[in-house]
Amino acid sequence: MLTVALAALRTRWTTLIGTFVALALGVGLIATMGLGLASTFDAPDRKPQRFAASPVVVKGIDTLTVRVRRGPSTAHVTRRLAHPHPVDIKLLRDLTALGPVTRDGQDAGGGPDAVGVDAPVAEVRRVVGDRAEVLTGDERRRADPVTERDAGALPAVNALLGTAGSVTAFVSVFVVASTFAFAVALRRREFGLLRTAGATPGQLRRLLLVEAAVVGTLASAAGCALGDWGAPHLARLLVDGGMAPSWFTIRRTAWPLHAAFWTGLTVALTGVWAASRRAGRTSPAEALREADIDAGVLPPVRRLLGFALLAGAVFLMTKSLVTDPSGLLKRKTYMTQPMVLITGVALLAPLLVRPSTRLLRLPGATGMLVRANAAAALRRTAAVAAPVLIAVALAGSVPGSAMTVARAKAAEAREHTRADLVVTGADLAVRRIPGATLSASASTAVFVREEGTALIETEARAVDDAKTLAAVERLPVVAGDVRDLDDRSIVVNEEWEQHTVGATVRVWLGDGRPVSLRIAAVLAIGTGNNGAYVTAANAPTAPVDRIDVRLAPGADRAAVVAALHGTGGTVRSTQQWLAATHPRTSPQTRLGLLVVLGIALVYTAIALANTLLMAGSVRSVELGALRLAGATRTQVLGIVAGETLLAVALGAALGMAVTAVNLAGLGAALAALSAPVTVSVEWPVVGGAAGVCAVVAVAAAMLPRAVRHRSAGQRGL
C-alpha cells in the first residue's frame, strides 16, 4: 500500500502541492505562536536593581489575600492592591535602630513604598512582623518598578498570540479538509478503475490515509522549521508595533514544536478521514462515468453536523444574551465565537449553491452556461465559496465587533457626562472656582468575594461629594439615588452578585481594608465602564486624577479655564477629552487584528489557488466540447472567469450573512446592557478581502493549461 501511495503522490503531486503548502504554513504559524506563547509565561529574570547594595529590602504590603472555596476545600486568592501600603514613619524609626536605611524618594502615599536595610535578616523580620514584607536575595527585585512593568506587559502579547493561534488552527483544519475532499472528488474515475481491478473499499481508505500521513509528516516537519525561523521575526514585529516590551525575545523550548508537528499530522489525517470514507464507497461503474454533474455531495453526517453547529452557534449566542451579555463584548469572545457559525454555514454551503444560482439572471448564452456549470459542479463551487466565506466573515465580524464595542464605549461616555470641561493629571489640586461646579474624583478599586468562590476586583471612582457628582455626571441609575452616597455606602452596578438598594455588602477597599457598606444606588452594566463609586474617605491615599467641570449659565469660560490651570492638570473640553481617551481602536489593537486577518487571507488565497488549479487541470474534455459547440476562446475564458466570480460572490454573500448575525448578536448584547447600540461594519476591510479573493481566484482559474490552450475543439476529445 505504501508503494502505491508513493507512486500516486509522484504522479499527482500537483494536486497536493496546495495542501502541502497550507499545512506547512499552518504548522509554521502554530509553532511560531506556540514559541511566542511559551516566551510570555514569565518575565525575564532580572537581578535586583533598585536596592542592589542592601542585603534586605522592606516593602510595604501591596497585595490582598482572601480565602475562597475550591470544591470541598479552601484556597487563598491574591490580588494586587490599588493603593499599596507605605513603610510608615514608626516602622522606619524601628528599622533605623537596626542599621543604615536606604531611601530613594519613591513613595506610596504617606511614606516610601520600599527601603533597603543593612542589618541581619532575622532582626529585620522580628521588627517588621506583619506590618510589611521582608525581601532577600533575588526576591528583592520585587521592589523594582521594572519588574511590575515586565509582568504587566505580557498579558496583551499572550492574548494576541493565543487568539492568532486559535484562528490559525481553525483555518488550517478547514482548508486542509476541504482541499483533501475536493482532491478525492476529482479522482472518482481513478478510484473506479482501482475498484474494477479488485481494490476493496478498505484498501482505498488506507491508500488515502497513507498519502495524508506522508504529506502530513513532510509538511509538518517543514512547518516546524519555518516556525523556528519565523518566531524571532514575530518577536521583532511585536516589539516594533508596540504590542510587546522592548526586552521580549523568543525562548527556545521544544514543546511548541512538538505540539505543532503532531497537530499538523493530526489535521492531515483528520482532514482526509471523511474523504476516505466517501472514496471507499466508490463503485467500479465510476470508471465509465462521463457526466460531470455532482449529486449527493452532502452526506447525512455532514448535513447533521452543519445544522448542529448552526444550532450550537445560536444557542451559545442566546445563552450569553440571557445570562452574561457583557461576555459578548470581550475580545476573545467576538474573535472566536464566529468560527462556530462559519463552520456550520460552510458545511451546508452545497445546499445553497443551486438555490442561489437560480435567483441569478445572467444575460446571454455565456451567462446561462455560467449558471448551469456552477449549479452542476457543486463541489467545485462550494470548495471555492468556503474559503471566501472564512475571509469575508472574519473581515466583517472581527474588525466590525471591535469598532462596535469601541464606538459604544465612546457614545456611552458622551451620554454619561454633563461636564463642559475635564481636567486630568497625576495629583490635582482642587479649589473653588466662581461660575463652575467641580466634581473631583480619584481612581481606586474595590474587591468583593462572590459566591464564596471568587475574589472580584472592580474599578471604582472615589468622589469628594455625591451631590456634585450627580450634578456633573449623568450616570445610568436603575435603582436608588447617587446623591445618597456617603462614607458608609457604595454605588455598584447590576453585574454584582448583590445589587439590591439598602443591602449591605462586605468589600475590601483599594488599600485592603475590609468594610461593610450599604448599597446606595445601582447602575446599569453598560460596556464595562460603569464601575463602583465610593467617597474619598474610603480611598484616603488615592490622588485626585480627574475633575469634571460644569459651567454655570453666563459664566466666563475663558476665566474658568485660566483658573483651572492652577490645578496642575491638563484642561480640555469634553469633546477633546473623549477624543483622547476613547479612540476607535489603538495601534496595538489594529496590529492584532491585522495579524489575525492576514492569517485568514493568506490561507484563503492558498485554498482558492489550490482548488482552482486542481479543477482547471481536469477540464480539458468539458472545455473542448464548448469549442466544438462553437464557443470562441474568449467566450470559454469568460465562462471560466464567470463561474469563478459567481462562486466568490456566493462565498462573500455567506460571509456577510455570518457577519450580520454576529453583529446583530453584539447589538442585542449592548441593548441588554443598556449601552448605546452603534453597530459598525468596516466596509473597506470587507471589500478588500473580497477583492483579493476575486483576483486570486480568477488568476488561478486561468492558469491551468486546459483553460489556456483549448484553441481547437478536437484537443478536448
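A short tour of the structure in this document, coming up.

Criteria and thresholds
- Residues numbered from 1 in each chain as written.
- Predicted model: local features only at pLDDT ≥ 70, side-chain atom pairs only at ≥ 80, totals over all residues.
- Heavy atoms only, no water.
- Helix = DSSP H or I, 4+ residues; strand = E, 2+ residues; numbered from the N terminus.
- Contact = heavy atoms within 4.5 Å.
- Polar contact = N/O pair within 3.5 Å; in protein donor to acceptor, adjacent residues only side chain to side chain.
- Pairing = 2+ DSSP bridges.
- Phe/Tyr/Trp six-rings, centres within 6.5 Å; stacked < 30°, edge-to-face > 60°.
- Core = buried A, V, L, I, M, F, W, Y, C linked by side-chain atoms within 4.5 Å.
- Buried < 20%, exposed > 50% of the residue type's maximum accessible area, 1.4 Å probe, protein only.
- Salt bridge = Lys/Arg side-chain N within 4 Å of Asp/Glu carboxyl O.
- Axes fitted to C-alpha atoms, helices over the stretch in contact; angles between N-to-C directions.

Quick look at the environment of Arg572 now. As for its placement among the helices and strands, Arg572 is situated in strand β16 (residues 570-573). Once the C-alpha coordinates of Arg572 and Leu421 are considered, the two residues, 151 residues apart in sequence, prove to be 5.7 Å apart. Residue contacts for Arg572: discarding those within four places in its chain leaves Leu421, Val422, Thr424, Trp577 and Ala580. A distance of 3.0 Å separates the side chain of Arg572 from the side chain of Thr424, its partner in a polar contact.

A few words on the pairing of strand β12 (residues 504-508). Sheet topology note: the strand β8 (residues 436-450)/β12 ladder contains two bridges and is antiparallel. Residue Val448 lies in a different strand from β12, and its bridge partner there is Val507. Judged from the five bridges that link them, β12 and strand β13 (residues 514-523) form a sheet pairing that is antiparallel. Residue pairing for β13: Val505 is matched across the bridge by Leu517. Taking the residues between adjacent antiparallel strands as the criterion, β12 and β13 are bridged by five residues, where Gly512 takes a positive phi near 95°.

As enumerated under the stated definition, the model contains one aromatic pair in all. Arranged with centres 5.1 Å apart and planes meeting at 90°, the rings of Phe261 and Trp262 form a pair that is edge-to-face.

With that settled, the discussion passes to the nonpolar core. Across soluble globular proteins, nonpolar side chains show a tendency to be buried alongside one another. Ranked by size, the top nonpolar core spans 68 residues in total, and within it Leu238, Phe248, Ile342, Leu389 and Leu394 carry the most contacts. Sorting elements by how many residues they give to this core places helix α14 (residues 378-415) first, with twelve residues. Among the nonpolar cores identified, the runner-up in size contains 24 residues, and Ala374, Leu608, Val636 and Ala701 belong to it.

Even without being glycine, Glu451 reaches a positive phi, approximately 55°. With respect to the element layout, Glu451 can be found in the loop between β8 and β9 (454-463). Since its relative accessible area comes to 56%, Glu451 is described here as exposed. The phi torsion at Ser674 lies on the positive side, around 60°, for a residue other than glycine. Locating Ser674 in the fold gives a position in the loop between α20 (633-672) and α21 (683-702). Taking relative accessible area as the criterion, Ser674 reaches 48% and is therefore assigned partly exposed.

Another aspect to go through is the pattern of salt bridges. Tallied over the full model, the rule gives 15 salt bridges. A salt bridge links Arg50 to Asp113; the nearest nitrogen and oxygen atoms lie 2.6 Å apart. One end of the pair, Arg50, is in the loop between α2 (13-38) and β1 (56-59); the other, Asp113, is in the loop between β4 (101-102) and β5 (114-117), with 63 residues separating them in the sequence. When sorted by exposure, Arg50 lands in the same class as Asp113, which is buried. Residues joined in a network through salt bridges with shared partners are Lys59, Asp62 and Arg80.

It is worth spelling out the sheet that holds β4 at this point. Overall, antiparallel pairing links the four strands, which are arranged β4-β5-β1-β6 in an open sheet. What marks the edges here is a single partner per strand, and that holds for β4 and β6 (133-136). Note: β4 against β5, two bridges, orientation antiparallel. Counted as the bridge partner of Val101 is Val117 from β5. Of the strands in this sheet, β1, β5 and β6 touch helix α4 (residues 121-128), which is tilted by about 165° from β6.

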